[in-house]
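# Secondary and tertiary structure notes
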Amino acid sequence: MVLAFNAETLNGLCSKDQLELLDAIDHLRLQGIDHYISLPQIIVCGDQSSGKSSVLEAISGIPFPVKSNLCTCFPTELVLRRSTETGVTVSIIPDSTSKPSTQDDLHKFHQELDGFEGFPDLFEKAKGAMGISTSGKAFSKDRLRVEITGPDRPHLTIIDMPGLIHSETKSQSKADVKLVQKVVKGYMKQPRSVILAVVSAKNDFANQVVLNFAREVDKKGSRTMGVITKPDTLVQGSGSEALYVSLAKNNQVNFDLGWHVLKNLDSETQKGSSLLGSRNAEEALFFSRGVWNELPSSMLGINELRKKLSHVLLRQIALELPSLIREINLKLDDSREDLEKLGEPRHTLDEQRLRLLQISEEFQSLVERSISGTYNGAFFEDAETEQGYQERIRAVIQALNKEFAKDLVKRGHRREIGTGKQENPDDPEFVTRDKFLDHVENMMQRTRGRELPGIFSPMVVADLFQQQSSPWEKIAQGHVKKAWEAVGEFLELVATYVADASISDALIDKIIQPALDKLLINAKNKTAKLLDSHRRVHPITYNQEYAETIHGHCCRSKEEISKIVKNFFGLSSITSNQYLSSYYNMNTLVENLAKHSGSGIERSAACEALDRMLTYYQNALKRFIDSIATEVIEQKIIMPLSDILSPVAVFKMSPDVVEVIAGESQESRTKREELTKKIDVLQRGLKTCERFVDLKLKGSSISTSSSSERLPILEPPPAVDPELDCEEERLPFTNGYDTSDE
């Protein structure tokens, strides 16, 4: 016999004056918002064979598998929806961690039923589709979704969880135990779910895992209700019966929502339509006798449980609406920000080129402003931060040029006259002037041509200069590389600012980096040419400073001779007509003058050559520092930057390059579609919630049924912070339960 749709059994959950508010939550679920945000629902949890499926069946009027040898092997989601058409749709929602091919196969599981006669058999088919068998896995994280629609259907979601296993058996491994616990606890952690913790009177409640889990995830017990099943198995008048009566009175394990007692029918003797037809009468008869009759009637039987759950769900929804709105707004902001990062859709070549033109205009503007030192705009962060400093490329280049000049002055010469100590191999070698002159005389001897004694070849100065300036190349090329790297970091910051990640990565890879590589080559080549102009060509200068410095050396020599003469004759000064009143040994004067002249004409020539080289070196050093700064850094690296990604450059790009850079990848398109859908769902959900914000949602203004019991108001869960870890605060709601490791 086909079981009829029994809407009467569900009416207790949705009285008329409450239906509109419950419909609003169902409308959110219909909009698909439950994929992103947890919604109120009933979670039926209990140890294996605790009678929880019988509880679910009694609440919903749906014949769930309740045979003693048949347990729930996967989460089962029962969705009741109001619709003008009547029907039953059964599908499988695969676990998100499954392989894509497995998910595709499970998505194909889709069946429609005309009634519930074949409902238990459908569970077996679902088990087969999920790979559950006696020789295979015993449990699955995939979810069976049963959707029932009809004009007389209330809106409700009920989740039946696999029974919690105490220990491994021959058919249930240790891994199965862990898997079931993970799945069940994941559902229980959702703070907007009402937990029905089902406890069987056949076993000691202290040993039933569900109570430990409930108190772990709902420490205050504010959203957990205890349900005692199978009270008829207790011996009348026994200590066990008294203990369970005490439990029902909330004396043993305290839950704010209290306890309820149900009597299940024996599934082995009651079958088919008679199961639901007789259970209420038998249950009422049982509770009318014995110790259970002493409990308030509001704590006994399925009819009272439906009323109680109606109140609990309504209050839960009322309290959750403000937090739902807050969470929806947070997720909307995040989703819009992610969508904005993707930019405008770019399917055609014109759309792609237009997007690149927009990017190039902003790119060029930022580059030119940073080069000119005009650091205004949102791009430029705090200059005290590392990134803020890198964004100010003119400041960076100025600092690098100063560092280069200082470094070249300090370490650019091979030898230095003095008594210092060489700290590292790159520092100049300290020598005395006499030792330096020895080296110059040696160079004069090795490079002598047809010069007369005491005369040095002009090329000696060139040779000495090449030796003295030999460190220039390493220092200059190192400076060029540093400036180039700073420019690369700067352009990367600009690119990532003006474009989303996919476009900026492509721009850097296809346009910016190749252009930078060319700039480096050009800069190095220019540096090499500048070095050649100083070191490969004979010394040339018309700098007046050079002549003045050389003249100064001659003046110093004349002054030293005058000093010898004055000392010899005892004069305070020398005039053109000088009276001498005594005889003098002129040989002594000649000897003193000869000592001043050094060891000979070769030494004198070496002294002159050294002075001329050192003077020329100082002039060339200043000229080289400025040339590197202007002709290399400025002209070869800085000035071309704004043209790397200019609108003209974008206009000249080939279609293939434009598509590679600005074309949307399949991943980007998929992400855009998902975000667009998510935003649409969240926006519609937000409107649905806001329509009910002004309704009378306080506990005192919510209409209740005839039950005389006053239920405690549910405590709202803490506000959801999207940055919090999902394992501890909120689980990803894609599959409805946590799949992370315990």
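Residues numbered from 1 in each chain as written. Predicted model: local features only at pLDDT ≥ 70, side-chain atom pairs only at ≥ 80, totals over all residues. Heavy atoms only, no water.

### Brief notes about helix α21 (residues 655–662)
Taken residue by residue, α21 has Val658, Ile661 and Ala662 as its buried positions. In an axial view of α21, the angular spread of the buried residues amounts to 75 degrees, which keeps them on one side of the axis. The elements touched by buried residues of α21 are α10 (349–372) and α16 (501–535). (Buried < 20%, exposed > 50% of the residue type's maximum accessible area, 1.4 Å probe, protein only. Helix = DSSP H or I, 4+ residues; strand = E, 2+ residues; numbered from the N terminus. Arc of directions from axis to C-beta. Contact = heavy atoms within 4.5 Å.)

### Examining the nonpolar core
A general feature of soluble globular proteins is that nonpolar side chains tend to end up buried together. Among the nonpolar cores identified, the biggest contains 79 residues, and Leu144, Leu211, Tyr244 and Trp292 are the most heavily contacted of them. For this core, the leading source of residues is helix α5 (residues 174–188), giving seven residues. Setting aside residues up to four positions removed in sequence, Tyr244 forms contacts with Val199, Ser200, Ala201, Asn203, Asp204, Phe205, Gln208, Ile228, Leu234 and Trp292. Listed in part, the 77 residues of the second largest apolar core include Val498, Ala499, Tyr617 and Phe624. (Core = buried A, V, L, I, M, F, W, Y, C linked by side-chain atoms within 4.5 Å.)

### A look at the pairing of strand β1 (residues 41–46)
The element β1 is extensively covered by neighbouring structure, given that six of its six residues are classed as buried. Residues Gln41, Ile43 and Cys45 of β1 are buried on one face, and the alternating residues Ile42, Val44 and Gly46, pointing to the opposite face, are buried as well.

### Quick look at a nonpolar patch on the surface
There is a patch of nonpolar side chains on the surface, built from Val537, Ile540 and Tyr542 and spanning about 360 Å² of accessible area. Position of Ile540 relative to the elements: it lies in the loop between α16 and α17 (544–569). Of the residues examined, Ile540 reaches a relative accessible area of 40% and is grouped as partly exposed. (Patch = residues over 30% accessible without salt bridge, like charges linked within 9 Å, V, L, I, M, F, W, Y side chains within 5 Å. Areas by Shrake-Rupley, 256 points an atom, 1.4 Å probe, with all protein chains shown as cover. Salt bridge = Lys/Arg side-chain N within 4 Å of Asp/Glu carboxyl O.)

### Quick word on the packing of helix α15 (residues 472–498) against α16
As a packed pair, α15 and α16 sit with axes 10 Å apart at the nearest point and diverge in direction by 160 degrees. One way to sum up the angle between α15 and α16 is to call them roughly antiparallel. Handedness of the α15/α16 crossing: right-handed. (Axes fitted to C-alpha atoms, helices over the stretch in contact; angles between N-to-C directions. Parallel < 35°, antiparallel > 145°, perpendicular 65-115°, else oblique. Left-handed = near helix turned anticlockwise from the far one by under 90°.)

### Here's the deal with the packing of aromatic side chains
Going through the model one piece at a time under the given rule, you end up with 11 aromatic pairs. Note on Phe465 and Trp472: the rings are 5.7 Å apart at their centroids and 90 degrees apart in plane angle, and the pair reads as edge-to-face. An identical accessibility class is assigned to Phe465 and Trp472; each is buried. (Phe/Tyr/Trp six-rings, centres within 6.5 Å; stacked < 30°, edge-to-face > 60°.)

### Looking at the confidence of the model for the protein
On average, residues of the protein score 78 in pLDDT, and 79% of them reach the 70 mark or higher. pLDDT under 50 marks residues 1–17. Its contacts with residues more than four places away, or in other chains, come to 45 contacts. (pLDDT = per-residue confidence, 0-100.)

### Thoughts on the packing of α10 against α21
Describing two packed helices takes the angle between their axes plus the distance from one axis to the other. At a closest axis distance of 9 Å, the pairing of α10 and α21 adopts a crossing angle of 70 degrees. In terms of orientation, α10 and α21 fall into the roughly perpendicular class. On α21, the residues that touch Leu349, Gln352, Arg353 and Leu356 of α10 are Pro655, Val658, Glu659, Ile661 and Ala662. Considered class by class, the residues forming the contact of α10 with α21 number six nonpolar, one polar and two charged. (Nonpolar A, V, L, I, M, F, W, Y, C, P; charged D, E, K, R; others polar.)

### A word on the environment of Ser533
Among the secondary structure elements, Ser533 is positioned in helix α16. With relative accessibility at 41%, the residue Ser533 sits in the partly exposed group. In sequence terms Ser533 and Phe624 are 91 residues apart; their C-alpha atoms lie 9.7 Å from each other.

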